[in-house]
Amino acid sequence: MATTFHEAQASILALNNDELPFVYEPTDAGVVGRWNYANQKWAAVLGAQSLDADYTLWVLLDEEKGTYSFDEQETVERGGLSAGGDGIGLSYERSTFRGHKKSYSFNLGAAILAKVTDRQGETVGQTYGYTFDTDEIKQPVIDTLEAAGWEPRRKGLFGKIFGA
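Figured I'd write up the structure that's included with this text.

Parameters at a glance
- Residues numbered from 1 in each chain as written.
- Predicted model: local features only at pLDDT ≥ 70, side-chain atom pairs only at ≥ 80, totals over all residues.
- Heavy atoms only, no water.
- Helix = DSSP H or I, 4+ residues; strand = E, 2+ residues; numbered from the N terminus.
- Rg over C-alpha atoms; globule rule 2.2 N^0.38 Å.
- Buried < 20%, exposed > 50% of the residue type's maximum accessible area, 1.4 Å probe, protein only.
- Contact = heavy atoms within 4.5 Å.
- Areas by Shrake-Rupley, 256 points an atom, 1.4 Å probe, with all protein chains shown as cover.
- Lys, Arg positive; Asp, Glu negative; His and termini not counted.
- Charge placed at Lys NZ, Arg CZ, Asp CG, Glu CD.
- Axes fitted to C-alpha atoms, helices over the stretch in contact; angles between N-to-C directions.
- Left-handed = near helix turned anticlockwise from the far one by under 90°.
- Nonpolar A, V, L, I, M, F, W, Y, C, P; charged D, E, K, R; others polar.
- Polar contact = N/O pair within 3.5 Å; in protein donor to acceptor, adjacent residues only side chain to side chain.
- Pairing = 2+ DSSP bridges.
- Arc of directions from axis to C-beta.

1. So, the overall build of the protein
Link 1 in the chain: Looking only at helices and strands, the protein features three helices and eight strands.
Link 2 in the chain: N-terminal to C-terminal, the α/β element order of the protein is α-β-β-β-β-β-β-β-α-β-α.
Link 3 in the chain: For 164 residues, the compact-globule estimate of 2.2 N^0.38 gives 15 Å, and the protein exceeds it by more than 25% at 20 Å.
Link 4 in the chain: Each principal axis of the C-alpha distribution contributes one length, and for the protein these read about 65 × 35 × 25 Å.
Link 5 in the chain: Here the protein, with 164 residues, has 34% of them falling under the buried criterion.
Link 6 in the chain: Pairs at least 24 apart in sequence give 55% of the contacts found in the protein among residues at least 6 apart.
Link 7 in the chain: If you sum the accessible surface of the protein, you get close to 9900 Å²; carbon and sulfur atoms cover 54% of it.
Link 8 in the chain: Averaging the coordinates of the 15 positive side-chain charges in the protein and doing the same for the 24 negative ones gives two points 6 Å apart.

2. Description of the environment of Asn39
Link 1 in the chain: You can see Asn39 is positioned in strand S2 (residues 30-44).
Link 2 in the chain: Residues within four places of Asn39 in sequence aside, it is in contact with Leu51, Asp52, Lys115, Val116 and Thr117.

3. Comments concerning the packing of helix H1 (residues 5-13) against helix H2 (residues 134-147)
Link 1 in the chain: Running from N to C, H1 and H2 cross one another at 145 degrees; their axes reach a closest spacing of 10 Å. Considering the relative orientation of H1 and H2, their crossing is right-handed. Together, Ala8, Ser11 and Ile12 of H1 and Val141, Thr144 and Leu145 of H2 make up the contact between the two elements.
Link 2 in the chain: Looking at the contact of H1 with H2, its residues break down into four nonpolar, two polar and no charged.

4. Quick word on the side chain of Glu74
Link 1 in the chain: With respect to the secondary-structure elements, Glu74 resides in strand S4 (residues 67-84).
Link 2 in the chain: Looking at Glu74, the relative accessible area reads 10%, which means it is buried.
Link 3 in the chain: In this structure the side chain of Glu74 is engaged in a polar contact, spanning 2.2 Å, whose partner is the side chain of Tyr37.
Link 4 in the chain: With sequence-adjacent residues up to four places away left out, Glu74 is seen in contact with Tyr37, Asp54, Tyr55, Ser95, Thr96, Phe97, Lys101 and Phe132.

5. Some remarks on the pairing of strand S3 (residues 47-62)
Every regular strand shows the same layout, with side chains that alternate between the two sheet faces.
Link 1 in the chain: The sheet contact formed by S2 and S3 spans 14 bridges and is antiparallel. In the sheet register, Ala38 faces S3, and the bridge partner there is Ala53.
Link 2 in the chain: In textbook terms, the turn of a hairpin is the stretch between consecutive antiparallel strands, and for S3 and S4 this stretch comprises four residues, one of which, Gly66, has a positive phi near 70 degrees.

6. Thoughts on H1
Link 1 in the chain: Inspection of H1 places Phe5, Ala8, Gln9 and Ile12 among the buried residues, and these make up the whole buried set. Buried positions in H1, seen along its axis, are confined to an arc of 100 degrees and lie on one side of it.
Link 2 in the chain: Tucked inside the fold, the buried residues of H1 contact strand S1 (23-26), S2, S3 and H2.

Take a look at the structure:
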């Protein structure tokens, strides 16, 4: 027997910890996890770059069925200014992905000057980088919900055929 909606929601919110790079917040439908996993600016010899990347995990709880599902979104913005033999260049790119995602990424670089902003504040130095793994934010939620008697919502053809 699954716990109630509010008990499941409270169990997920109890996962919050200042040492984690993300935070869980309550919603009317369950919980949302937010992770700004890259907020960086750096200057190199011939230019400057910036990167801002956010990941959002919506945990949707269906108390009637005792099931949960995820909806995910990732937004990445990159910008830069460069100078070289061909002149000066300016670039900007924004991409958004929404759906189901399993991702791991790692980035590390060195620059003349770099500024990284995360939950611990701003850091200024000569290096920049990040690590990002969707399992790091999703797996504790899955473990918590399954321990509380909740099951993943079945999707797709077989879920529809068998009424889950």
